[in-house]
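The primary structure of each chain is shown beneath.
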Amino acid sequence: MALDSCLRQLTKASLGKRRLSEEDLERLRQLAATAAGRGTALRSLVAEYLASAGRVWADLADSRSVGQTEDLKEVGAALIRAIGDATVALTQGYETAHRSAIRGEEAMRREFVDDLLDGRTGLGRLAERAERFGLRLVGPHTVAVARAGRPFGAGDDTTRYVEEAMTSRFTTEDVLITAKDSLLVCVSPGALPQVPEFFATAVRDAVAEQCRIAVSRPRPGPSGIVRSYQEARSTLDLATQLGLTTSCVHASELLVFQVLGRDRAAITDLVATVLGGLGAARGGPRALLDTLAAYFASGCLNSATARRLGVSVRTVTYRLARIRQLTGHDPTDPDQRYILQTAALGARLLDWPTRPLQPSE
């Protein structure tokens, strides 16, 4: 009935040798929006309208309302103009409705992702909504997060690039790519351990600047996704705090740091007791702490430590002897090395000596 009404207006406009009114065009836009909501293809809608417009022309040509040949030409020209305007209006209405539907779907997806990663919704309801987006929440899942100089945003070029790269390799049931809190997030089944590595590669390819990726341990169920997301974020922050140079870090590799950080009073006492004597060094403890870090990172080899620090082997040997003298612990002795390394890691976590140690009560 709506199309019949539009065709009657088309006939009137043609006989009146005028253009369709804005009211007529708006009616066509609404017609197209309704068709889009029903899932009718745009080409089918336009084809139906043009076929009906052809019948209008046939009726006009046979109608007594049209007089001489010259009059028929003018009516035909008006009809062609009206059909062109109508086709544009149909396309506009359809595309507007389509964009609105996409925005609504994206908003629902963002709300679902926020609820999934924040754990704000009941697990049963969450699982139902996950099926709508093709994500299965059964089994363990791993969460990887990426941080770059520029924040990631939903729908930006970088996010779309990574999402297309991931879905071209894996199915939408295998990966969920989203932006949250300026991070790019990838949720994937634990049964596909290669996904985080591929995600890290895709992010590095998409971002022209330095970026860092953190990967959680796999955990089961929707609540496990929440915990994995939190773990990936904390791992990312911890890697930054420790000044790690690797671009992709796994939470399992930093468990010792997390254990150290949970008991701040104990690690403060350890740093003060083991490394406090370095404060008596000329120029402060920084150079000796850097030497310890480089020494342990180089496999406790003086030559490799010297290359890492850009100093001579003799300087490294002197500093290690000075550390032994000031702390009472010998970094070259395997039996004493562990306590020094643990204290040095604790110093990083406490940002000492930049920040003074707060004595425990």
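Conventions used here
- Residues numbered from 1 in each chain as written.
- Predicted model: local features only at pLDDT ≥ 70, side-chain atom pairs only at ≥ 80, totals over all residues.
- Heavy atoms only, no water.
- Helix = DSSP H or I, 4+ residues; strand = E, 2+ residues; numbered from the N terminus.
- Contact = heavy atoms within 4.5 Å.
- Areas by Shrake-Rupley, 256 points an atom, 1.4 Å probe, with all protein chains shown as cover.
- Buried < 20%, exposed > 50% of the residue type's maximum accessible area, 1.4 Å probe, protein only.
- Pairing = 2+ DSSP bridges.
- Salt bridge = Lys/Arg side-chain N within 4 Å of Asp/Glu carboxyl O.
- Expected span 1.5 Å × (residues − 1).
- Arc of directions from axis to C-beta.
- Core = buried A, V, L, I, M, F, W, Y, C linked by side-chain atoms within 4.5 Å.
- Phe/Tyr/Trp six-rings, centres within 6.5 Å; stacked < 30°, edge-to-face > 60°.
- Axes fitted to C-alpha atoms, helices over the stretch in contact; angles between N-to-C directions.
- Parallel < 35°, antiparallel > 145°, perpendicular 65-115°, else oblique.
- Nonpolar A, V, L, I, M, F, W, Y, C, P; charged D, E, K, R; others polar.

## Brief notes about the overall build of the protein chain
1) Next: When you go through the protein chain residue by residue, the secondary structure sums to 14 helices and six strands.
2) Next: Contacts in the protein chain between residues at least 24 apart in sequence constitute 66% of all its contacts with a sequence separation of at least 6.
3) Next: Surface accessibility of the protein chain: about 19,400 Å² in total, with carbon and sulfur atoms responsible for 51%.

## Thoughts on the environment of E26
1) Next: The residue E26 is located in helix α2 (residues 22-38) in this model.
2) Next: What makes E26 partly exposed here is its relative accessible area of 34%.

## Considerations on the pairing of strand β3 (residues 183-189)
1) Next: Among the seven residues in β3, seven count as buried, and that is most of the element.
2) Next: The pairing of strand β1 (residues 140-148) with β3 spans six bridges and is antiparallel. Directly across from V145, in β3, lies its bridge partner V185.
3) Next: As defined by bridge partners, strand β2 (residues 176-180) adjoins β3 across five bridges and the pair is classed as antiparallel. Paired with T178 across the bridge in β3 is V185.
4) Next: Between β2 and β3, which pair antiparallel in sequence order, lie two residues; one of them, D181, sits at a positive phi of approximately 55°.

## Some remarks on the pattern of salt bridges
1) Next: Evaluation of the coordinates by the stated rule reveals 13 salt bridges.
2) Next: Across the pair R233 and D181 runs a salt bridge whose closest N-O atoms are separated by 2.9 Å. Separated by 52 residues along the polypeptide, R233 in helix α8 (residues 221-242) and D181 in the loop between β2 and β3 bring together distant segments of the chain.
3) Next: Through salt bridges that share partners, E22, E26 and R29 make up one connected network.

## A closer look at α2
1) Next: Helix length check: α2, at 17 residues, gives a terminal C-alpha distance of 24 Å against a target of 24 Å (1.5 Å per residue), a fit within 8%.
2) Next: Residues of α2 that are buried: D24, L25, L28, R29, L31, A32 and A35. Seen from one end, α2 has its buried residues packed into an arc of 160°, which puts them on one side. Opposite the buried face of α2, by more than 90 degrees, sit the exposed residues E23 and G37.

## Quick notes on the side chain of S188
1) Next: Assignment of secondary structure puts S188 in strand β3.
2) Next: Other than its neighbours up to four places away in sequence, S188 contacts H141, T142, D174, V175, V195 and P196.

## Topic: the nonpolar core
1) Next: Core analysis: the largest hydrophobic core is formed by 45 residues, its most contacted members being V145 and L275.
2) Next: Per element, the largest residue contribution to this core is seven residues, and it comes from α8.
3) Next: Dropping the residues within four chain positions of it, V145 is found in contact with L183, L184, V185, F199, R212, I213, A214, Y229, A232, R233 and L236.
4) Next: Counting residues in hydrophobic clusters, the runner-up holds 22 residues, among them A146, A200, V207 and C211.

## Description of the packing of aromatic side chains
1) Next: In the structure shown here, the tally under the stated rule is two aromatic pairs.
2) Next: Ring centres of F170 and F198 lie 5.6 Å apart, and the angle between their planes is 85°; on these two criteria the pair is classed as edge-to-face. Highlighted residues: F170 in the loop between α6 (157-169) and β2 and F198 in helix α7 (residues 194-206), separated in sequence by 28 residues.

## Some points on helix α13 (residues 313-327)
1) Next: Spanning 15 residues, α13 covers 21 Å between terminal C-alpha atoms, matching the ideal 21 Å at 1.5 Å per step.
2) Next: Turning to α13, its buried residues number three or more, namely V316, L320, I323 and T327. Down the axis of α13, the smallest arc covering the buried residues is 55°, so these residues share one side. Along α13, exposed side chains directed more than 90 degrees from the buried face belong to R314, Y318 and Q325.
3) Next: Of the residues trailing α13, G328 is marked for its positive phi of about 80°.

## Some details on the environment of T305
1) Next: For T305, the location among the structural elements is in helix α12 (residues 302-309).
2) Next: For the pair T305 and T317, spaced 12 residues apart in the sequence, the C-alpha separation amounts to 9.9 Å.
3) Next: Those residues in contact with T305, other than ones at most four positions away along the chain, are T291, A294, Y295, S298 and V316.

## Some remarks on the packing of helix α9 (residues 255-262) against helix α14 (residues 334-350)
1) Next: One way to put it is that α9 packs onto α14 with a least axis distance of 10 Å and a crossing angle of 70°. As judged from the angle between their axes, α9 and α14 are roughly perpendicular. Side by side, α9 and α14 meet where F257, L260 and G261 of the first sit next to T342, L345, G346 and L349 of the second.
2) Next: Split into classes, the residues belonging to the contact of α9 with α14 amount to four nonpolar, three polar and no charged.

## Let's talk about the pairing of β1
1) Next: Counted residue by residue, β1 has seven buried out of nine residues, so it is predominantly covered.
2) Next: As paired elements, β1 and strand β5 (residues 219-220) share two bridges and run antiparallel to each other. Its bridge partner being in β5, P140 is matched across the sheet by P220.
3) Next: Relative to strand β4 (residues 211-215), β1 runs antiparallel, the two being bridged by five bridges.

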